[in-house]
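What follows is each chain in one-letter form.
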Amino acid sequence: MDFFYDQQIRRYLLQFMRAFSEIRVRNGPDANGLFTLQRVPILYGDPSRMAAQLAKGVSENTVLPSPMFSAYIKDIKMAPARRQDPMFVAKSSVIEREFDNTTGTYKPTPGYRQDIEMYMPVPYDLTFVLDVWTTNITTKLQIFEQLAIVYNPSVQLQQNTNLQDWTSIFKMILENITWSSRTIPQGEGNERDVMTFEFKIEAWITP
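First, a word on what this report is: a plain description of the structure on this page.

### Notes on the overall build of the chain
Then, in step 1: A count of helices and strands for the chain gives 3 helices and 10 strands.
Then, in step 2: Element order for the chain, N to C, with α for helix and β for strand: α-β-β-β-α-β-β-β-β-α-β-β-β.
Then, in step 3: Of the contacts made within the chain by residues no fewer than 6 positions apart, 67% connect residues no fewer than 24 positions apart.
Then, in step 4: As displayed, the chain offers around 14200 Å² of accessible surface, 54% of which is attributable to carbon and sulfur atoms.

### Remarks on the nonpolar core
Note on soluble globular proteins: their nonpolar side chains tend to be buried together.
Then, in step 1: Counting residues in hydrophobic clusters, the biggest one holds 29 residues, and the most contacted among them are F16, F20, F69, L130, M172, F199 and I201.
Then, in step 2: By residue number, the principal contributor to this core is strand β10 (residues 193–205), which donates 6 residues.
Then, in step 3: Among all residues touching F16, those that are not within four sequence positions of it are A71, F128, V129, L130, M172, F199 and I201.

### Re the packing of aromatic side chains
Then, in step 1: Throughout the structure, instances matching the rule amount to 13 aromatic pairs.
Then, in step 2: Consider the rings of F20 and Y151, whose centres lie 5.8 Å apart with planes at 35°: the pair is tilted. Linking F20 in the loop between α1 (8–18) and β1 (24–27) with Y151 in the loop between α3 (137–148) and β8 (154–158), this pair joins segments that are 131 residues apart in sequence.
Then, in step 3: Owing to a relative accessible area of 0%, F20 belongs among the buried residues under this scheme.
Then, in step 4: What makes Y151 buried here is its relative accessible area of 8%.
Then, in step 5: By the ring-pair criterion, three or more aromatic residues cluster together here, those being F16, F20, F69, F128, F144, Y151, W179, F197 and F199.
Then, in step 6: Above the plane of the ring of F35 lies R26, whose end atom (NZ or CZ) is 4.1 Å from the centre.

### A word on the side chain of R82
Then, in step 1: One can find R82 in the loop between β4 (68–78) and β5 (89–100).
Then, in step 2: Here R82 falls in the buried class, since its relative accessible area comes to 17%.
Then, in step 3: If we ignore the near neighbours within four places in the chain, the residues touching R82 are P123, Y124, D125, E202, A203 and W204.

### Focus: the sheet that holds β8
Then, in step 1: Strands sit in the order β3-β4-β7-β10-β9-β8 across an open sheet of 6 strands; the sheet is mixed. Strands with a single pairing partner mark the edges of an open sheet, and in this sheet they are β3 (42–44) and β8. Averaged over neighbouring strand pairs, the angle between their axes works out to 30° when direction is ignored.
Then, in step 2: In the sheet, β4 pairs with strand β7 (residues 122–134) via 10 bridges, with the strands oriented antiparallel. Paired with F69 across the two strands is V132, which belongs to β7.

### Some points on α1
Then, in step 1: Among the residues making up α1, those that are buried are Q8, Y12, L13, Q15, F16 and M17.
Then, in step 2: The elements touched by buried residues of α1 are β3, β4, β7, β8, β9 (169–178) and β10.

### What to know about unusual backbone geometry
Then, in step 1: Going from G28 to P29, the amide bond is cis rather than trans, its omega being 5°.
Then, in step 2: If you check the backbone angles, Q7 has positive phi at about 60° while not being a glycine.

### Topic: the pattern of salt bridges
Then, in step 1: For the coordinates displayed, the defined rule picks out 8 salt bridges.
Then, in step 2: Across the pair K107 and E98 runs a salt bridge, and its minimum N-O distance is 3.9 Å.
Then, in step 3: Among the ionic pairs, D193 bridges to K140, the shortest N-O distance being 2.5 Å. Residue D193 is located in strand β10, and its partner K140 is located in helix α3; the two are separated by 53 residues in the primary sequence.

Calculation criteria
- Residues numbered from 1 in each chain as written.
- Predicted model: local features only at pLDDT ≥ 70, side-chain atom pairs only at ≥ 80, totals over all residues.
- Heavy atoms only, no water.
- Helix = DSSP H or I, 4+ residues; strand = E, 2+ residues; numbered from the N terminus.
- Contact = heavy atoms within 4.5 Å.
- Areas by Shrake-Rupley, 256 points an atom, 1.4 Å probe, with all protein chains shown as cover.
- Core = buried A, V, L, I, M, F, W, Y, C linked by side-chain atoms within 4.5 Å.
- Buried < 20%, exposed > 50% of the residue type's maximum accessible area, 1.4 Å probe, protein only.
- Phe/Tyr/Trp six-rings, centres within 6.5 Å; stacked < 30°, edge-to-face > 60°.
- Lys NZ or Arg CZ within 6 Å of the ring centre and 35° of its normal.
- Pairing = 2+ DSSP bridges.
- Axes fitted to C-alpha atoms, helices over the stretch in contact; angles between N-to-C directions.
- Salt bridge = Lys/Arg side-chain N within 4 Å of Asp/Glu carboxyl O.

As far as function goes, none of this settles anything; it's purely spatial.
As C-alpha cells, then:
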C-alpha cells in the first residue's frame, strides 16, 4: 500500500475545538458600573514540551490564563454496530459546469466530467475531552450554562463541503460531565478548578 495520510483525525479535532471557540464570559462591573465580555481561549491539551515552555514564556513562574479551555483525545475505539459492507464501492458520475477563466464565473454549459469511486469508510468512536479551567464559581456557572443548553445531548457538525463525501456530517454527543477536579476538603492548595466534559464523536475514517 502506498503512503496515505489525509489528516482525518486532525480535522475532527479541529472541528471539535472550533465548536467552543466563541464562548464568552462576562466580567464586572468595574468602577464605572460597566460589564465586559471576555472570549475564552481554547488550546490543545497535549502540547509538546517545547511548545508548552514557549507558551509559558520559558519560565516556571508564569501562570496560565483563566478561564481557558483545553481539548484532547482520550480514547479511540472501533464501532462495530455502525460497520457496513467493508468491500462496498459506490460509483457516481459528476459533471461540472464550464468555468470561464477570463471572467472568473461559471457558464451554463457542461464542463469536465468525472467518475468517482467512494469506498466504504471504517467506523470509529472517538472520545474527546474538554477541560474548563476556572478560578471562581461565577465564571464556571456562566460557561456551564452556555454549553448545557446546546448539547441536549448532541449536535451535528460538518467537517467539509464536498458533496460527494458521505462522511462529511458527523455527530458529537455529550456523554459525561465531571463538575470539579477538586476534592473536599480542599486543603491548602490553590490549584485552579477544572470542569470536564466528555464527548463521543461518531467518526469515519475513509480512503
